[in-house]
Amino acid sequence: MLVQVAKGIHQLSIRFPFGMRQVNSYVIEGSKGVTIVDTGSCAEQSMDIWKSALPMGTKVEKVLLTHAHTDHIGLAKWLRERYDAPVLLSRLGYEEMQKFHTRLKEYKGDESVDYPYFLQHGGPAISEKALLEQVDADFFEPDELLEDEQEIVLGDFLFESIWTPGHSPDHFCFYDRSNGVLLAGDHVLNDISPLIPIWSEEEGNPLRSYFQSLDKIVRLPVQIALPGHGSMIQDLPARVAELRIGHEQRMQQILEGVAAGGSTAGEIAKVVYGLEKLSIRHMAEFLMTLSRILYLESEGRLRAEKVEGKVRFHVMG
Ligand SMILES: [Zn+2]
């Protein structure tokens, strides 16, 4: 069911029986047809929601994606074919997809090899191949690539792209200056704190990028922010402030949770989240803790030391 959330913009809640279970897609009215923002995961349930919201023959001008995560791009190919509409993704998003696509093609190990980056940080054992296959499942060739600070017409409205890395390295928000509307993707959510994960060493310091990306959007005079999951955001600066405080509190808990002899990220995640055992179900807790630890390390609050293949962190001073 399409729900109007701003002038000419309708939200469509796409449900699917796995992962995040829900994504907000947006349908923006336009004289050349509607523009779709984000798609939901590739599932029968999601397709049925699109079918009843936009019957066959609906004019769709384009499909825009905020970032290349499965719950946002999973139906991009399907929507392109169903409505004969081009799919737009950032160049960075496409490069992310290509990176994993190549990595999977060239991967030599089998399902039994656990991902070494997680193991060295005391994280859950997860098959590296399965991980790559999961990411690559939605691979497709976009029709048009977007850059940062680019003007883009969505429906009858003029938006600009704002690169907001953190939740993912390729995350973009889209801002309509004249109406104060921000398509926020997963950069700022109202009901949960967006996951800021780190998947490999080369991703650097995602939490630092995230804080910088929050700075970018908090200065904008936003009337309403339309997030990729859950409820709409009326007061963006207040929500951003809450998110920052949440991270600060967790980082304080991390500093208090490090053992005297040093701890791995996995051990710290268990303490901070009160977990008996760190299993694959706690991937989000582990990834979030690791990002915060690397941020604290970059701030000179923690120091890393590699002992027998494991990275242990110590509190500084
Ligand atoms: Zn999402």
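Residues numbered from 1 in each chain as written. Predicted model: local features only at pLDDT ≥ 70, side-chain atom pairs only at ≥ 80, totals over all residues. Heavy atoms only, no water.

Chemist: What exactly am I supposed to notice about the UniProt feature "domain: Metallo-beta-lactamase" (unreviewed entry) in the protein chain here?
Modeler: Within this numbering scheme, the UniProt entry marks residues 22-229 as carrying the feature "domain: Metallo-beta-lactamase" (unreviewed entry). Secondary structure content for residues 22-229 is 31% helix and 23% strand, while the C-alpha to C-alpha distance between its ends is 7 Å. (UniProt positions renumbered as here; feature names shortened; annotations may be inferred. Helix = DSSP H or I, 4+ residues; strand = E, 2+ residues; numbered from the N terminus.)

Chemist: Just checking my understanding: could you explain helix α1 (residues 44-53) for this structure?
Modeler: Each full turn of the α-helix corresponds to 3.6 residues, which orients residues three or four apart in the same direction. When we look at burial in α1, the residues that qualify are S46, M47, I49, W50 and A53. Taken around the axis of α1, the buried residues stretch over an arc of 160 degrees, which confines them to a single face. Turned more than 90 degrees from where α1 packs its buried face, E44 and S52 sit exposed. Looking at the buried positions of α1, the neighbouring elements they touch are β1 (2-6), β2 (9-15), β3 (22-28), β4 (34-37) and α3 (76-83). (Buried < 20%, exposed > 50% of the residue type's maximum accessible area, 1.4 Å probe, protein only. Arc of directions from axis to C-beta. Contact = heavy atoms within 4.5 Å.)

Chemist: Explain the packing of aromatic side chains here, please?
Modeler: Given two aromatic rings, their pairing is described by the distance between the two centres and the angle made by the two planes. Using the criterion set out here, one finds nine aromatic pairs in the structure. On the numbers, 6.2 Å between centres and 55 degrees between planes, the contact of Y115 with Y117 is tilted. This pair shows no difference in class: Y115 is buried, exactly as Y117 is. Here the aromatic rings of Y210 and F211 are separated by 6.3 Å at their centres, their planes lie at 45 degrees, and the arrangement is tilted. For the pair shown, Y210 and F211 are each scored as buried. Taken together, the ring pairs connect Y115, Y117, F118, W199 and F286 into an aromatic cluster. (Phe/Tyr/Trp six-rings, centres within 6.5 Å; stacked < 30°, edge-to-face > 60°.)

Chemist: Would you mind going over the coordination of the zinc ion with me for this structure?
Modeler: Around a metal, the ideal angle is 109.5 degrees if four donors adopt a tetrahedral arrangement and 90 or 180 degrees if six donors adopt an octahedral arrangement. In the first shell of the zinc ion, the protein supplies D71 (OD), H72 (NE2), D186 (OD) and H229 (NE2), at 2.0 to 2.6 Å from the metal. The site at the zinc ion holds four donor atoms, and with the angles between them running 86 to 160 degrees, its shape is irregular. Along the chain, the residues donating to the zinc ion fall in the pattern D-H-x113-D-x42-H. One end of the pair, D71, is in helix α2 (residues 70-73); the other, D186, is in the loop between β11 (181-185) and α7 (206-218), and 115 residues separate them in sequence. Judged on exposure class, the residue D71 and its partner D186 are both buried. (Donors = N, O, S within 2.8 Å, 3.2 Å for Na, K, Ca; no water. Tetrahedral: all angles 85-135°; square planar, octahedral: opposite > 155°, others 65-115°.)

Chemist: So what exactly am I meant to see when it comes to the nonpolar core here?
Modeler: For soluble globular proteins, nonpolar side chains are generally found buried alongside one another. If you look at the biggest cluster of nonpolar residues, it comprises 47 residues, and the most contacted ones within it are F118, L182, V188, L207, L236 and F286. Ranked by the residues each element gives to this core, the list is headed by helix α10 (residues 283-298), at nine residues. Among all residues touching V188, those that are not within four sequence positions of it are P194, L214, I217, P227, I233, L236, R239, V240 and L243. Counting 29 residues, the second largest nonpolar core, distinct from the first, contains F16, V23, L65 and V87. (Core = buried A, V, L, I, M, F, W, Y, C linked by side-chain atoms within 4.5 Å.)

Chemist: I keep staring at the pairing of strand β6 (residues 87-90) and nothing clicks. Help me out?
Modeler: Successive side chains on a regular strand alternate, one facing one side of the sheet and the next facing the other. Burial of β6 is two-sided: the residues V87 and L89 facing one way and the residues L88 and S90 facing the other way are all buried. The sheet contact formed by strand β5 (residues 60-64) and β6 spans two bridges and is parallel. By the bridge assignment, L64 is partnered in β6 with L88. Here three bridges tie β6 to strand β7 (residues 144-146), and the two strands are oriented parallel to one another. The partner of L89 across the bridge, within β7, is L145. (Pairing = 2+ DSSP bridges.)

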